[in-house]
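Geometric and topological summary
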Amino acid sequence: MMLSWKQLILLSFIGCLAGELLLQGPVFIKEPSNSIFPVGSEDKKITLNCEARGNPSPRYRWQLNGSDIDTSVDHRYRLNGGNLIVINPNRNWDTGSYQCFATNSLGTIVSREAKLQFAYLENFKTRMRSPVSVREGQGVVLLCGPPLHSGVIPEPWKEKIQKLSYAWVFNEYPSFVEEDSRRFVSQETGHLYIAKVEPSDVGNYTCVVTSTVTNARVLGSPTPLVLRADGVMGEYEPKIEVQFPETLPAAKGSTVKLECFALGNPVPQINWKRSDGMPFPNKIKLRKFSAVLEIPNFQQEDAGSYECIAENSRGKNVARGRLTYYAKPHWVHLIKDVEIAVEDNLYWECRATGKPKPSYRWLKNGEALVLEERIQIENGALTISNLNVSDSGMFQCIAENKHGLIYSSAELKVVASAPDFSRNPMKKLVQVQVGSLVNLDCKPRASPRALSFWTKGDMMVQEHARISFLNDGGLKIMNVTKADGGIYTCTAENQFGKANGTTHLVVTEPTRIILAPSNMDVSVGESVILPCQVQHDPLLDIMFTWYFNGALTDFKKDGSHFEKVGGVPQTKQICISMVRCEQSTGEWFSVAQKFRGASVCSMNPRQSSSGDLMIRNIQLKHSGKYVCMVQSGVDSVSSAAELIVRGSPGPPENVKVDEITDTTAQLSWKEGADNHSPVISYAIQARTPFSVGWQTVTTVPEAIDGMTHTATVVELNPWVEYEFRVVASNKIGGGEPSLPSEKVRTEEAVPEVPPSEVSGGGGSRSELVITWDPVPEELQNGGGFGYVVAFRPLGVTTWIQTVVTSPDSPRYVFRNESIMPFSPYEVKVGVYNNKGEGPFSPVTTVFSAEEEPTVAPSQISAHSLSSSEIEVSWNTIPWKLSNGHLLGYEVRYWNNGGEEESSSKVKVAGNQTSATLRGLKSNLEYYTAVRAYNSAGTGPFSATVNVTTKKTPPSQPPGNVVWNTTDTKVLLNWEQVKAMENESEVTGYKVWMQEDPLQPSQMSTLCQVIYPSFCSLL
């Protein structure tokens, strides 16, 4: 197709702009929504939103009911960006449908329609209402007749109508009528229905209407309700006064409310059902004593016939209606921006769902799309054949049914341009290996599509068995050889021009693994190296990658175990072209290859590299498949090896106690992971509340081999709670123990262990005290455990027995006045529990309680040792057998100013006949007495003696100490110390000498002077 000169100029202009910036048609960000404006609102303006993005920035205009709004003429309208502001809205002028148009140089789009309605509620007409006269028991309907208010908005905005709510006042405001099974206020009609009038209903009724938009409330004139005097109305069958329409459309997702109320005597009962017998889903609710059926989130399965049944003892009546389902259009397939070349064909699919099925229409730049021979619409899809630049613009698909419409917008760019490789350049270098297949791309940007041809160097490329031209302009070469290497040029051309691009094809030898990792079998803790060495073309840089069980090995994260060793030799290369070597082999080599700084001509150069994997301190988790992947710019090779890591067994599983007796437990378990080394033995461990940790137990069989998964634990203690676990071992060692079994208690048995350390003695007069170490709980063998205490006087054959029921009790005291002091008894202690009596302890001899001393010590004397110490002495008391063992003496003392009852005490053990009282006050008279004691108690006190503590020593040191020295002696002189009144007289002095001043503790007494005030040191 030939383009006109105007189109070519436009094409050039658009291409120039496209090179500078990215152009974009308008796209709505915000669109206007339906609005209801309350009449009389304090807000004196309303804003309809409209905002679009685009490049250049869009311009805006608005229409009201299909006519343009000229904001320059009508100053009640103002634009703020794309938003339309209506100032002082008026319901007579501004009610209607608004649309926003957004335009830039690429086209125009139009918004969805937005309805603006005005909400108002006028007052009731002020006229008196006639009284309504009824008989008692009769039904009545009081009419509301709401005043004028805003009208109904046509479909599809029916749900946006102003809604009114109704209530009725009885006699005086705010005493509202309470709805129940007898009284009902319809929110559809506003009327008050009383199924059966009672005398208490007589009064004035006022209808109250409230706007849910403005919250305005108006009251009608009162309607008097009076009773007729001609008797009571008899019973009659229900008469349905409130019922829903025969057919009611319901929108998808809406909440549907059906009303039904009947008059009758007795008061009818309301019930609901579906005509098809289907049960109601849980979401359906009955409101207002079943007078309202509410269906939230209405769906297609909720459509159908519904029945309201009003019934009393006189009969029943039925109202029926059908709910039909409708759905506004909903997009299934939106149109998207399209950029397409001139002369191509466009197919634009636009599809939506809805009920009824939507119809479609298209807009271009805000105007209805004009159809012609090459522009057609079928089932919502738009087709345009043989596109030209003038077809570019903003398109909108509109899907609509009687319940609503939706818009989808997109931009059509029809482009015409010469071939251009700048946005999709050809690859500068393509590396492939010998024998492979290669595709050389040639995809310039061109509209219409360009024709392409290829050259290699100066030679035109011709198709043959290995070389073919692709439909997209590319070149395919199969079974590549070294001879195919070189520089390839693709030239693309259409009616607007031509362009070319080049690709350098380099053919290399394939990479081969020459030393691959092999399967290995290792034990936990070892270290291994998995080799991976390759031979590759020196022109290629290669990379070694290791995978473990399909996951890439992270050498940084797992560096404590994994390390890549080996390396790739560093090689510089330049390889431009291939020529035939002047040798009989006929193989290819590089004539301009720089290898380590020198030009060489080498036959089939190959290079070896390695990327071995070292695994240190192998653990069980390292078992698995290892893959060495070697990648170059043109190929990749890999090799895998299985690494088996053998370790000690995992924990056995599902340890259960199958049978329990008093001393045995039958256990079973399942084998855990053997960690690649078969289990050779099992050991069983047990734990009780009394054991220190887990202990290995005796089993039958004594040695449990790896094939056995049951065993009997023996030598258990009866009536003890046990847990068991199993440990498996293999050649590597012992594994982790299993989880503990459930706690089980062995059965009860007769106790077998008597108490130990049976002894006794002591106590009070006429008592026999018997003691023992209680039997530990784990040896009690059952519940109801206690002790049998048996005793008899020495030489008597009959045993006296008693029972101690506390298992923790360590003693028993037998009291009897006939018990002689310190008499020998034979004693033994046995055990028992719920299962019976156990053994007694060996018989031992225990003495009864001793007799307390009856004689006081004699020859009591006391003398002061110092200002704070007194020594008291006495003679021992005479002793007799009934006194048992003398434990010692008790010395009581108190001072002259103190009370005897609050005296202090000092005890001395055994036969000691003196005691030193310390911590006393100086120069103070003290009184003291002594008495003997044993395990039975204390004897009488001795006679009291008194003694006065000495005065305190002088507190002042000697003064004016001077000395004279000769060759052999030191003569010391000092002033005498005079004692104070409360201090004792000075009787002499002591002299110390210190030879090492750094060791003050090493002082020695040189002389003790009784009276003089000098001392001669030799």
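In this text the structure is predicted, and so the values were computed from the model without any measurement. (Residues numbered from 1 in each chain as written. Predicted model: local features only at pLDDT ≥ 70, side-chain atom pairs only at ≥ 80, totals over all residues. Heavy atoms only, no water.)

Digging into the overall build of the protein
Counting its secondary structure elements, the protein contains one helix and 92 strands. Based on the C-alpha atoms only, the size of the protein along its principal axes is roughly 150 × 140 × 85 Å. Of all 1018 residues assigned to the protein, the portion counted as buried reaches 41%. Sequence separation of 24 or more characterises 65% of the internal contacts of the protein that already satisfy a separation of 6 or more. For the protein, the accessible surface area stands at approximately 54500 Å², while carbon and sulfur atoms represent 50% of it. Placing the 96 positive and 107 negative side-chain charges of the protein at their respective mean positions leaves the two points 9 Å apart. (Helix = DSSP H or I, 4+ residues; strand = E, 2+ residues; numbered from the N terminus. Buried < 20%, exposed > 50% of the residue type's maximum accessible area, 1.4 Å probe, protein only. Contact = heavy atoms within 4.5 Å. Areas by Shrake-Rupley, 256 points an atom, 1.4 Å probe, with all protein chains shown as cover. Lys, Arg positive; Asp, Glu negative; His and termini not counted. Charge placed at Lys NZ, Arg CZ, Asp CG, Glu CD.)

Examining the pattern of salt bridges
Should the charged atoms of two oppositely charged side chains come close, the side chains can pair. Evaluated as defined, the whole model comprises 32 salt bridges. The closest approach of N and O atoms between Asp484 and Arg466, which form a salt bridge, is 2.9 Å. Residue Asp484 is found in the loop between β45 (475-477) and β46 (486-494), and its partner Arg466 is found in the loop between β43 (459-460) and β44 (467-469); the two are separated by 18 residues along the sequence. Judged by its relative accessible area of 6%, Asp484 falls in the buried class. Here Asp537 and Lys482 are joined by a salt bridge, their closest N and O atoms 3.9 Å apart. Of this pair, Asp537 sits in the loop between β51 (533-536) and β52 (543-548) while Lys482 is found in the loop between β45 and β46, placing the two residues 55 residues apart along the sequence. (Salt bridge = Lys/Arg side-chain N within 4 Å of Asp/Glu carboxyl O.)

Here's the deal with the packing of aromatic side chains
Across all of its chains, the model carries 23 aromatic pairs by this definition. Residues Phe170 and Tyr205 carry aromatic rings whose centres are separated by 4.9 Å and whose planes lie at 40° to one another, so their mutual orientation is tilted. Of this pair, Phe170 sits in strand β14 (residues 164-170) while Tyr205 sits in strand β17 (residues 203-211), and the two are 35 residues apart along the sequence. With a centroid separation of 5.7 Å and an interplanar angle of 70°, the aromatic rings of Tyr173 and Phe176 are classed as edge-to-face. Using a relative accessible area of 34% as the deciding quantity, one classes Phe176 as partly exposed. An aromatic cluster of three or more residues is present, and its members are Phe184, Tyr193 and Phe261. Sitting above the plane of the Phe840 ring, Lys828 keeps its charged end 4.7 Å from the centroid. Sitting above the plane of the Tyr933 ring, Lys907 keeps its charged end 4.5 Å from the centroid. (Phe/Tyr/Trp six-rings, centres within 6.5 Å; stacked < 30°, edge-to-face > 60°. Lys NZ or Arg CZ within 6 Å of the ring centre and 35° of its normal.)

Digging into the confidence of the model for the protein
Here the protein averages 87 in pLDDT, while 90% of its residues score no lower than 70. Between residues 570-604, whose pLDDT stays under 50, and residues either more than four places distant or in other chains, the model counts 58 contacts. (pLDDT = per-residue confidence, 0-100.)

As for the sheet that holds strand β25 (residues 285-287)
Strand order in the open sheet formed by three strands is β22-β26-β25, with antiparallel pairing between adjacent strands. Both edges of this open sheet fall to β22 (256-259) and β25, since each of them pairs with a single strand only. Each strand axis lies, on average, 25° off the axis of its neighbour in the sheet, ignoring direction. Sheet topology places β25 next to strand β26 (residues 292-295); three bridges connect them, and they run antiparallel. Along β26, the bridge assignment pairs Leu286 with Leu293. (Pairing = 2+ DSSP bridges. Axes fitted to C-alpha atoms, helices over the stretch in contact; angles between N-to-C directions.)

Some details on the pairing of strand β87 (residues 945-948)
Alternating positions in β87 separate cleanly, Val945 and Val947 being buried on one face and Asn946 and Thr948 remaining unburied on the opposite face. Pairing analysis gives four bridges linking strand β85 (residues 925-934) to β87, with the strands arranged antiparallel. Within β87, the position partnered with Tyr927 by the bridge is Asn946.

Describing the sheet that holds strand β16 (residues 192-194)
Pairing in this open sheet of three strands is antiparallel, and the strands run β13-β16-β15 from one edge to the other. Every interior strand has two partners, whereas the edge strands, β13 (140-142) and β15 (183-185), have only one. For this sheet the average axis-to-axis angle between neighbouring strands, irrespective of direction, equals 15°. In this structure, β13 lies alongside β16, joined through three bridges in antiparallel fashion. Each bridged residue has a counterpart across the sheet, and for Val140 the counterpart in β16 is Ile194.

Quick look at the environment of Ser408
Locating Ser408 in the fold gives a position in strand β37 (residues 404-415). Ser408 sits 518 residues away from Tyr926 along the chain, and the two C-alpha atoms are 118 Å apart. Once you skip the residues sitting within four places of it in the chain, Ser408 turns out to touch Trp331, Leu334, Ile335, Phe395, Gln396 and Cys397. Looking at Ser408, its side chain comes within polar contact range of the main-chain nitrogen of Ile335, at 3.2 Å. (Polar contact = N/O pair within 3.5 Å; in protein donor to acceptor, adjacent residues only side chain to side chain.)

Thoughts on a nonpolar patch on the surface
On the surface, a cluster of nonpolar side chains totalling about 280 Å² of accessible area is made up of Tyr173, Phe176 and Leu219. If you trace the backbone, Leu219 turns up in strand β18 (residues 217-219). The partly exposed category is assigned to Leu219, whose relative accessible area is 41%. (Patch = residues over 30% accessible without salt bridge, like charges linked within 9 Å, V, L, I, M, F, W, Y side chains within 5 Å.)

Focus on the nonpolar core
Counting 23 residues, the largest nonpolar core has Trp348, Trp362, Leu382, Ile384, Phe395 and Leu412 as the members making the most contacts within it. Of all elements in the fold, only β30 (346-348), β35 (381-384), β36 (393-401) and β37 reach the threshold of two or more residues within this core. Leu412 has contacts with Val338, Ile340, Leu346, Trp348, Ile384, Leu387, Asp391, Ser392, Gly393 and Phe395, leaving out every residue within four places of it along the chain. Residues Val438, Ile467, Tyr488 and Ala499 belong to the second largest nonpolar core, which totals 21 residues. (Core = buried A, V, L, I, M, F, W, Y, C linked by side-chain atoms within 4.5 Å.)

Here's the deal with the state of the cysteines
A covalent bond between the sulfur atoms of two cysteines is what we call a disulfide. What the rule picks out here adds up to six disulfides. Note on cysteine connectivity: Cys350 is disulfide-linked to Cys397, with sulfurs 1.9 Å apart. The chirality of the disulfide connecting Cys350 with Cys397 is left-handed, given an S-S dihedral of about -85°. Placement of the pair is Cys350 in the loop between β30 and β31 (351-355) and Cys397 in strand β36, with a sequence separation of 47 residues. (Disulfide = S-S within 2.5 Å.)

Some details on unusual backbone geometry
Residues apart from glycine generally show negative phi values, whereas peptide bonds are mostly found in trans. Across the junction of Asn265 and Pro266, the peptide omega takes the value 5°, indicating a cis bond. Here Pro266 lies in the loop between β23 (261-265) and β24 (269-274). Looking along the chain, the bond that leaves Ser447 and enters Pro448 is cis, with omega of 0°. Structurally, Pro448 can be placed in the loop between β41 (445-447) and β42 (451-456). Located in the positive-phi region is Asn65, a residue other than glycine, with phi close to 55°. Within the fold, Asn65 resides in the loop between β5 (59-64) and β6 (67-68). Classification of Asn65 by relative accessible area gives partly exposed; the value is 48%. Of note, Glu757 is a non-glycine position whose phi angle comes to about 55°, a positive value. Structurally, Glu757 can be placed in strand β72 (residues 756-760).

Here's the deal with the environment of Ser468
If you trace the backbone, Ser468 turns up in strand β44. Remark: the alpha-carbon pair of Ser468 and Lys30, spanning 438 residues in sequence, is separated by 53 Å. With sequence-adjacent residues up to four places away left out, Ser468 is seen in contact with Glu463, Gly474, Leu475 and Lys476.

Regarding the environment of Val218
As for its placement among the helices and strands, Val218 is situated in strand β18. Exposure remark for Val218: the relative accessible area of 6% places this residue in the buried category. Residues Val218 and Cys207, spaced 11 residues apart in sequence, show a C-alpha to C-alpha distance of 8.5 Å. In contact with Val218, other than residues within four places in its own chain, are Leu121, Glu122, Asn123, Phe124, Pro147, Cys207, Val208 and Val209.

A closer look at the side chain of Ser609
Along the chain, Ser609 falls in strand β59 (residues 607-610). In this structure Ser609 comes out as buried when scored by relative accessible area, which is 4%. At 2.9 Å, the side chain of Ser609 forms a polar contact with the side chain of His536.

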